[in-house]
Amino acid sequence: MHFQKAKLIHVEIPLIAPFKTSYGELKSKDFYIIELMNADGIYGYGELEAFPLPDYTEETLETAIKIIKQHLLPLITQKKIHFPEEVHGIFNWIQGNEMAKSAVELAVWDAFAKSEKSSLARMIGANKDFISVGVSIGLQNNPNDLLQLVEQYVQAGYQRVKLKVAPNHDIQYIKAVREKFPKLSLMADANSAYNREDFLLLKELDQFDLEMIEQPFGTKDFVDHAWLQSQLKTRICLDENIRSLGDVRQAHLLGSCQAINLKLARVGGMCEALRIAEYCAENKLLVWCGGMLEAGIGRAHNIALAARSEFEFPGDISASNRYFHEDIVSPDFVLDKGRLRVPTDNGIGVTLNSDVLKKYTKSTEEMLLNIGWS
Ligand code: OSB
Ligand code: MG
């Protein structure tokens, strides 16, 4: 496949409610759509998930878009691509920058699926028609507000609830939810807010029958997570620590965790994600699909991945209306008995909604093959 044209669309859509974590608060989803066009006029779409600030990982929207323009797009437009799997290798000499790589690689996957007249899910060997989903709830101001939100999402049918936690924002909140919902599939995500000195707090969380505690310690703390896992009966799940299959192997061999939150954007795209999913299944590590408050294109890619058989645990892939009043793709993803339907149309199976897109577009840039930016 020969790519001839790329378009970068900078979009910002307001979130229905601010999303607060131990890093800070997000009020909108600020992102880029990467649109590729090949010589047959087939389009492929990727979504850049980097955040405005370098808090969750080192990348920011600004650094990632620069890497995409200066390095990644020239690499895929200079030569013919025979298979989407090739892209991972072409990008491999570039260190890090996983979110930038993922956005472009996923646009290539979409274009290949469309040219083969297959849904992306089927193309990557995913057979599910529906995926089970959960919801991730940000830090709240008091336990009562949190209880109301949990009630609302449980009523809506979400199959699992994840609560953000941080020191002073943990025991009281988890206890309140657990008392009101004794049977709920419940878990906590700390986004690296704790360290070894907080052990007693984490030990207290061990009593609430949580599915797992996600990323309690720092993003490179494989050894400390292994120590913590040896002290707790609750599973540790790693998120920020995991950028590659190598990181998953290290975590597994050290005993740093029993579960992996797998995000396409954080591991550089589909190729690496598929390798990780296979490794987890072979090694009996629980693997599930995480989220980054994706808009419709990123959500569609996540759903294709989560439709694979390795993903039994409900993902952080909620319905469109959990995040946005209106999204930039059609159709919306709608909750159906705690599940989302896996699109069956070609590629990612959703199309850009041009009216909504126009409303929230901040800028657009186009690059023609070997000609440059206009
Ligand atoms: O830690 O999983 C996380 C959102 C942004 C950045 C990091 C995380 C999250 C979430 C939201 O938890 C998951 C979702 O998209 O619903
Ligand atoms: Mg997380």
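Below or above, wherever it landed, is the structure these notes cover. (Residues numbered from 1 in each chain as written. Chains lettered and ligands numbered in written order. Predicted model: local features only at pLDDT ≥ 70, side-chain atom pairs only at ≥ 80, totals over all residues. Heavy atoms only, no water.)

1. Examining the packing of aromatic side chains
Tallied over the full model, the rule gives 6 aromatic pairs. Arranged with centres 5.9 Å apart and planes meeting at 85 degrees, the rings of Phe51 and Tyr56 form a pair that is edge-to-face. Considered together, Phe51 and Tyr56 belong to a single accessibility category, that of buried residues. A cation over a ring is seen here: Arg196 above Trp227, with NZ or CZ 4.0 Å from the ring centre. (Phe/Tyr/Trp six-rings, centres within 6.5 Å; stacked < 30°, edge-to-face > 60°. Buried < 20%, exposed > 50% of the residue type's maximum accessible area, 1.4 Å probe, protein only. Lys NZ or Arg CZ within 6 Å of the ring centre and 35° of its normal.)

2. Some details on helix 10 (residues 270-282)
The end-to-end C-alpha separation of helix 10 is 18 Å, in line with the 18 Å expected for 13 residues at 1.5 Å each. Along helix 10, the residues classified as buried are Met270, Cys271, Glu272, Ala273, Leu274, Ile276, Ala277, Tyr279 and Cys280. Positive phi appears at Lys284, one or two residues downstream of helix 10, with a value of about 55 degrees. (Helix = DSSP H or I, 4+ residues; strand = E, 2+ residues; numbered from the N terminus. Expected span 1.5 Å × (residues − 1).)

3. With respect to the side chain of Glu294
Inspection of the secondary structure assignment puts Glu294 in the loop between strand 11 (286-289) and helix 11 (296-306). Here Glu294 occupies a buried position and makes no salt bridge, while the nearest side chain of opposite charge, Arg299, is found at 4.4 Å. Setting aside residues no more than four positions away along its own chain, Glu294 makes contact with Lys29, Glu47, Glu49, Arg299, Asn302 and Phe324. (Lys, Arg positive; Asp, Glu negative; His and termini not counted. Salt bridge = Lys/Arg side-chain N within 4 Å of Asp/Glu carboxyl O. Contact = heavy atoms within 4.5 Å.)

4. Let's talk about the coordination of the magnesium ion (ligand 2)
The coordination sphere of the magnesium ion (ligand 2) contains the protein donors Asp189 (OD), Glu214 (OE) and Asp239 (OD), at a distance range of 2.0 to 2.3 Å. We classify Glu214 as buried; its relative accessible area is 0%. (Donors = N, O, S within 2.8 Å, 3.2 Å for Na, K, Ca; no water.)

5. Considering the environment of Ala107
In this fold, Ala107 is placed in helix 3 (residues 98-115). Note on Ala107: relative accessible area 0%, which makes it buried. In sequence terms Ala107 and Ile297 are 190 residues apart; their C-alpha atoms lie 9.5 Å from each other. If sequence neighbours within four positions are ignored, Ala107 has contacts with Ile34, Leu36, Gly44, Tyr45 and Gly46.

6. What to know about the site of ligand 1
What surrounds ligand 1 is a group of 17 residues, the closest being Ser136, Lys164, Asn191, Leu293 and Tyr323. A distance of 2.9 Å is found between an oxygen atom of ligand 1 and a side-chain nitrogen or oxygen belonging to Lys164. Within the backbone of Leu293, an N or O atom sits 2.8 Å from an oxygen atom of ligand 1. Its residues assigned to classes, the shell around ligand 1 shows 6 nonpolar, 3 polar and 8 charged. (Near = heavy atom within 4 Å. Polar contact = N/O pair within 3.5 Å; in protein donor to acceptor, adjacent residues only side chain to side chain. Nonpolar A, V, L, I, M, F, W, Y, C, P; charged D, E, K, R; others polar.)

7. Considerations on the sheet that holds strand 5 (residues 135-137)
Within the open sheet, the 7 strands sit side by side as 5-6-7-8-9-10-11. Their pairing is parallel. Only two strands of the sheet have a single neighbouring strand rather than two, namely strand 5 and strand 11. Across 4 bridges, strand 6 (residues 161-164) lies against strand 7 (residues 186-189) in parallel orientation. Bridging from a neighbouring strand, Lys164 pairs with Asp189 of strand 7. (Pairing = 2+ DSSP bridges.)

8. Some words on the nonpolar core
Ranked by internal contacts, the top residues of the largest apolar core, which has 94 residues, are Leu262 and Ile328. By residue number, the principal contributor to this core is helix 10, which donates 7 residues. Ranked by size, the runner-up nonpolar core spans 36 residues in total, among them Leu8, Leu61, Ile65 and Phe112. (Core = buried A, V, L, I, M, F, W, Y, C linked by side-chain atoms within 4.5 Å.)

9. A short note on the environment of Val287
One can find Val287 in strand 11. Taking relative accessible area as the criterion, Val287 reaches 2% and is therefore assigned buried. Separated by 231 residues in the primary sequence, Val287 and Tyr56 place their C-alpha atoms 20 Å from one another. Apart from the residues within four sequence positions on either side, Val287 is in contact with Ile260, Leu262, Cys280, Glu310 and Phe311.

10. Notes on helix 5 (residues 143-156)
The terminal C-alpha atoms of helix 5 lie 20 Å apart, and with 14 residues this matches the ideal 20 Å at 1.5 Å per residue to within 8%. Among the residues making up helix 5, those that are buried are Pro143, Leu146, Leu147, Val150 and Tyr153. Looking straight down helix 5, one finds that the buried residues subtend no more than 135 degrees of arc, so they occupy a single side. Facing away from the buried side of helix 5 by more than 90 degrees, the exposed set consists of Asn144, Gln148 and Gln155. For helix 5, the secondary structure elements touched by its buried residues are strand 5, strand 6, helix 6 (171-180) and helix 12 (320-323). Between the side-chain oxygen at the start of helix 5 and the backbone nitrogen of Asn144 there is a gap of 3.1 Å, and the oxygen is on Asn142. Positive phi appears at Gly157, one or two residues downstream of helix 5, with a value of about 115 degrees. (Arc of directions from axis to C-beta.)

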